[in-house]
Each structure stands twice: as C-alpha cells, then as structure tokens.
Amino acid sequence: MRRTMLLSIVSLLISAVAAQAQTAPLTITSSSLLPNGTRGVFYSSTFLASGGTAPYRWSIVGPSASPPPAGLSINSSTGVLSGTISGAAGTYSFTVVVWDSTVGPTVFSASKTFAITVVEPPALSITTASPLPPATAGTPYTTSLTATGGTNKTSFTWSQYVDVPPAGCGGMLPPGLTITGRAGSGVLTGTPTAPGSYKFCVQALDPNPSVTQSSVKLFSMTVNGAPSTQRMRQS
C-alpha cells in the first residue's frame, strides 16, 4: 500500500515538473501585413512561429471566399508562401494555421490572419530615342533597343510592328536589317543595302501569360550611300 502511494506521489511530482518545463505557447510571429506582390511576378514570403514543439506544419484555412492571391500556395513543412501571382490586383486577406509536433492526445496549434496587396506591374515602354544612329549602305550595322516596365525584360520579344495605329507604322525596315532579341534588349542588326530615309515601328512584347503587355514605338533612321571608289582614292 505504502509502495503504491509512494509511486503515485512520485508520478505527481514528475507531472508537476514536466508541466513547469512545458515550452512556451505556440504563436505565429510574422507580421500580419505581408510584403506586396506584383501580378505576373514570382513571390515568396516565409511565415515564422515560436513556442510549441518543432518541427511545425503549416496550412491555409478558412472559407474558400478568402484565399490568398491565385498562384500562391504554402509549403506545409517550411511555411513558405510562394508562386507566380496570377490573381487580379487588390488586397487579399486569409488565415494561416500552424501545428506543432506534440505527441499525445493534444496537438497545439495557432492561427493568424494575414493581408497581402497585389499591384500591377509597371507599364512596358520602349525607351530608345528616335532617330536611330545612321547607317551606311554596305557596312555592317548594329544598335540596341531597350525597354522598361513589364515583368521580366529578359523574356521580352522584339519585332517590327507593321499594323496601324499608330500612324506611320506601315513603313518597312531598311533592306538588309532585321530585329532580334538578345540578353534582355532588342537589336537592330544587319548590313543595309539601300540608301534612304526610313520610318518604321518596333514592338516589345512581354509574353507573361498572367500579364501580357506590349509597347510600340515609331523610329526613323537614315542609311547613307556607300563612299564611291573615286572619293575613297582621294581620301
């Protein structure tokens, strides 16, 4: 009998000590205002927690009417919210829950509501000035075309734009020249064959399926005639 009572007392003491040594309450410590995201651009933000027993498990909960922006999802192991945002611009509110790794009948959890604002990417705009540097017939020519805005300039596609409007976009490139894309810029390159004054339009296109943007600009340039053999001898 005494042995049984002694064991009971010891058990109670152990339980009391364990209760005192219990870890701090599980809490999500991340700010409720997440960094802004841009539509069509990759986004990543990590939720943080303290207390409880690591490792944690993460999830987004709540009514389906209040999800995060389309394209984002949470990694249940790391708490990283990431993805390329395809949802419309605006402010979104959603709830995140975290569970700890407590073993037993009770698993501790915490939840918190977060807000994220999604903005539109900056407008795509060709920034190269017109007129372009002059060329000389029969001489290799290269000049770069640049643009700002959009979602990722390295993915822009460049081409001649021959539709109307804008006015003047029916003109053609100087014969012998073509437009290509290289390392985030457009390139007008080749060996022009015909002297003259030219007007033509160039289009930069951001092919991002979430935010398709384009910019068209009218350019002018002069192709000078090749020096004659006589003038070259005199020089």
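Further up the page is the structure itself.
This one's a predicted model, so the numbers in the text were calculated from it and none came from an experiment. (Residues numbered from 1 in each chain as written. Predicted model: local features only at pLDDT ≥ 70, side-chain atom pairs only at ≥ 80, totals over all residues. Heavy atoms only, no water.)

(A) Representation of the overall build of the chain in the model. Within the chain, the regular secondary structure consists of two helices and 18 strands. By the burial criterion, 32% of the 235 residues in the chain qualify as buried. At a minimum sequence separation of 6, the contacts of the chain that also span at least 24 residues come to 63%. Accessible surface for the chain amounts to roughly 13300 Å². Of this, 58% is attributable to carbon and sulfur atoms. (Helix = DSSP H or I, 4+ residues; strand = E, 2+ residues; numbered from the N terminus. Buried < 20%, exposed > 50% of the residue type's maximum accessible area, 1.4 Å probe, protein only. Contact = heavy atoms within 4.5 Å. Areas by Shrake-Rupley, 256 points an atom, 1.4 Å probe, with all protein chains shown as cover.)

(B) Structural view of the pairing of strand β17 (residues 196-206). Of the strand pairs in this sheet, strand β14 (residues 157-161) and β17 are connected by five bridges, and their pairing is antiparallel. Of the residues in β17, the one forming a bridge with T157 is L205. Both β17 and strand β18 (residues 213-224) contribute to a ladder of eleven bridges, which runs antiparallel. For G196, the partnering residue across the bridge sits in β18 and is V223. Joining the antiparallel neighbours β17 and β18 is a turn of six residues. (Pairing = 2+ DSSP bridges.)

(C) A look at the sheet that holds strand β3 (residues 42-46). On the basis of which strands lie adjacent, the open sheet formed by three strands has the order β3-β7-β6 and antiparallel pairing. Looking at which strands have only one partner, the edges of the open sheet turn out to be β3 and β6 (73-74). In terms of strand pairing, β6 meets strand β7 (residues 80-84) through two bridges, oriented antiparallel. Note that in β7 the partner of I74 across the bridge is L81.

(D) A look at the side chain of N208. Position of N208 relative to the elements: it lies in the loop between β17 and β18. The class of N208 is buried, set by a relative accessible area of 12%. Within the structure, the side chain of N208 is placed 3.2 Å from the side chain of T151, a separation counted as a polar contact. Polar side-chain contacts of N208 include one of 2.8 Å to the backbone nitrogen of S210. Leaving out residues up to four positions away in the same chain, N208 has contacts with G40 and T151. (Polar contact = N/O pair within 3.5 Å; in protein donor to acceptor, adjacent residues only side chain to side chain.)

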